[in-house]
Amino acid sequence: MSSTHIPLAERLRPRTLGDVIGQQHLLGEGMALRVAFESGQPHSCILWGPPGVGKTTIARLMADAFDAQFLSISAVLGGVKEIRESVEQAIAARDSLDPKRTIMFVDEVHRFNKSQQDAFLPHVESGLFTFIGATTENPSFEVNSALLSRAAVYVLQSLSVEDLTQIIAKAQALGAVPALEEAALQRLIAYADGDARRLLNTLETLSVAANREKLEEINDAWLMRVLGERMRRYDKGGEQFYDTISALHKSVRGSDPDAALYWLVRMLDGGAEPKYMARRLIRMAAEDIGLADPRALRLALDAAEVYERLGSPEGELALAECVVYLAVAPKSNAVYKAYNEAKALIKKDGTRPVPMHLRNAPTKMMKDMDWGKGYRYAHDEEDGFAAGENYMPEGLENTGFYRPVERGLEIKIADKLRHLRDKNQQAGK
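Figured I'd write up the structure that's included with this text.

1. Quick look at the layout of surface pockets
Computed from the structure, the second largest pocket encloses a volume of approximately 660 Å³. Forming the boundary of the second largest pocket are 19 residues, of which Glu-397, Asn-398, Thr-399, Arg-421 and Asn-424 lie nearest the centre. Here the lining of the second largest pocket is composed, by residue class, of eight nonpolar, seven polar and four charged.

As structure tokens, then:
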């Protein structure tokens, strides 16, 4: 095939580690992935980072470095059938007259469900292949713990302005791209937003149009005229996806509706999945607002449902309404803290028996053994409260987790709890 017909991204794909632009925190001398390459022994890993930063390239280079068969599955398009076929290919390579290792590369691994991810486990453990998963999502949440425990996680970063400038220079050295006016160069780099694939695809489009018009240099005005809305500035500063969601969460927590709306729109504008954003808003309502305003959680669930029904672009308005409400709502993490304290106690504490008076006694034998004996039915007590009753296991009678804050509805909840505690004290507890 003529080189002019090979996509620019493929023509510039690195053939050695030294050709890789960016990711020097992993691939530089003495860095983790470089050491792994030089060890002569491949290991399973997860490559986590935004689109277009070299995850597939690194996996291919690992296969080359270890003279291994490279098998690739897209979790977006593949399924159990593709996994089974790849396993058969790996077995064939291992058992051939000229045995070869296999690198099993799974792109967008977070799109596979639990059972699909589990299908790789026995083959990773047996050493049939080295597993390399690529994901744009946090693997702690999206990759099964069993698979995660068998793979090192490497975090890839968005490419810097210098990295992207270097890529453009390499394309120009091949004669694939005309000269670029400085303003046009900066706009292209801003639009690429750390994504080499986006940059190269755009350069290829520009090159075709420039050749058609016999341009020797691409200027900013022509760039905007040819690509229009696609080329408006994506001023994202190269942050990782998870940094931006963190900024959104902290803006909501900090009760700044303008900042919260800004980060929400910027994420949607940058291609974040609205359904994912809806899930994050539900989490914020539960974690940072809680019982200070229980309506917040309901509103977040409603916003998610509205988006499901309307889709894009109409559905995003419900998410915007929700994020503004969450930002201005009273804040409380009292339930969040109480839950974590309870989890920590349960984790370190022994399994304490349920007090006899709280046990269910569906049979005569259990009643004869005093299960449920002495239990006081709260509805039969004054004000529907059995003052002085204990509901905790022995030894934890005075343990408390939930401490409501003096904000929103939790002001009333705190007053109610103080009243009930006073009644307990009066009853001798």
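There's more to say after this.
2. Thoughts on helix α18 (residues 316-328)
Compared with the 18 Å implied by 1.5 Å per residue over 13 residues, the 19 Å span of α18 between its first and last C-alpha is a close match. All of the buried residues along α18 are Glu-316, Ala-318, Leu-319, Ala-320, Cys-322, Val-323, Leu-326 and Ala-327.

3. What to know about the nonpolar core
Counting 29 residues, the largest nonpolar core has Leu-248, Leu-264, Met-277 and Leu-326 as its most contacted members. At the level of secondary structure, the elements contributing two or more residues to this core comprise α14 (241-253), α15 (257-269), α16 (274-289), α17 (295-310) and α18. Excluding its chain neighbours within four sequence positions, the residues that come into contact with Leu-248 are Ala-260, Trp-263, Leu-264, Met-277, Met-284 and Val-323. Leu-159, Leu-164, Leu-180 and Ala-209 belong to the second-largest nonpolar core, a separate cluster that totals 27 residues.

4. Some remarks on the sheet that holds strand β4 (residues 130-135)
Strand order across the open sheet formed by five strands is β2-β3-β4-β1-β5, with parallel pairing between neighbours. Among the strands making up the open sheet, the edge pair consists of β2 (69-74) and β5 (152-155). Geometrically, the sheet is characterised by an average inter-axis angle of 20° between neighbouring strands, direction not taken into account. In this sheet, β5 lies alongside strand β1 (residues 45-48) in parallel orientation, the contact comprising four bridges. By the bridge assignment, Leu-47 is partnered in β5 with Tyr-154. Helix α4 (residues 55-65) rests against β1, β2, β3 (102-107) and β4 of the sheet, and its axis sits at about 175° to β3. Here helix α5 (residues 80-95) sits on the sheet in contact with β2 and β3, set at roughly 175° to β2.

5. Brief notes about α4
Listing the buried residues of α4 in full gives Lys-55, Thr-57, Ile-58, Ala-59, Leu-61, Met-62 and Ala-63. Phi for Asp-67, located one or two positions after α4, is positive at around 50°.

6. Things to note about a nonpolar patch on the surface
A grouping of Tyr-375, Tyr-377 and Tyr-391 is seen on the molecular surface, where their side chains present a nonpolar patch of about 350 Å² in accessible area. Assignment of secondary structure puts Tyr-377 in the loop between α20 (364-368) and α21 (410-426).

7. Quick notes on the packing of aromatic side chains
Following the criterion strictly, the structure yields six aromatic pairs and no others. Note on Phe-37 and Phe-66: the rings are 6.3 Å apart at their centroids and 25° apart in plane angle, and the pair reads as stacked. With a gap of 29 residues between them, Phe-37 in helix α3 (residues 32-39) and Phe-66 in the loop between α4 and β2 connect regions that are remote in the sequence. Consider the rings of Phe-112 and Phe-120, whose centres lie 6.1 Å apart with planes at 40°: the pair is tilted. Overall, the relative accessible area of 0% leaves Phe-120 in the buried class.

Reading the values: rules and limits
Sequence order as written defines residue numbering, which begins from 1 separately in each chain. Confidence filtering applies because this is a predicted model: local features only for residues at pLDDT of at least 70, side-chain atom pairs given and counted only at 80 or more, and all residues used for totals across whole chains, interfaces and linings. Excluding hydrogens and water, the side-chain values take into account all heavy atoms of the structure. Cavity: a set of points on a 1 Å grid over the protein atoms alone where a 1.4 Å probe fits but cannot get out. Pocket: an open set with protein on both sides within 12 Å along at least five of seven lines, its lining residues, like those of a cavity, having an atom within 4 Å of a point. Grid points are joined across faces, edges and corners, and a volume is the space filled by probe spheres set on the points. In this classification, the charged set is Asp, Glu, Lys and Arg, the nonpolar set is Ala, Val, Leu, Ile, Met, Phe, Trp, Tyr, Cys and Pro, and all remaining amino acids, among them Gly, are polar. Each helix is a run of DSSP H or I of at least 4 residues and each strand a run of E of at least 2, with the numbering of both proceeding from the N terminus. The span you would expect from a helix comes to 1.5 Å times its residue count less one. Relative accessible area decides the class of each residue, using a 1.4 Å probe on protein chains only: under 20% of the type maximum gives buried, over 50% gives exposed, and in between gives partly exposed. What makes a nonpolar core is a set of buried Ala, Val, Leu, Ile, Met, Phe, Trp, Tyr and Cys residues whose side-chain atoms join them at distances within 4.5 Å. Contacts were defined at the residue level, with two residues in contact if any of their heavy atoms lie within 4.5 Å. Should DSSP find at least two bridges between two strands, the strands are regarded as paired. Axis definition: a line fit to C-alpha positions, over the contact stretch in the case of helices; interaxial angles, taken between N-to-C directions, run 0 to 180 degrees. Exposure above 30% relative accessible area and the lack of any salt bridge qualify a residue for a patch; like charges then connect within 9 Å, and the nonpolar side chains Val, Leu, Ile, Met, Phe, Trp and Tyr within 5 Å. Surface accessibility in these figures is a Shrake-Rupley result with a 1.4 Å probe; residues are shielded only by whichever protein chains are displayed. Salt bridge, as used here, is a side-chain nitrogen of Lys or Arg placed within 4 Å of a carboxyl oxygen of Asp or Glu. Here is the rule: rings of Phe, Tyr and Trp (six-membered ring for Trp) pair when centre to centre is within 6.5 Å. Planes less than 30 degrees apart are stacked, more than 60 are edge-to-face, and the remainder are tilted.

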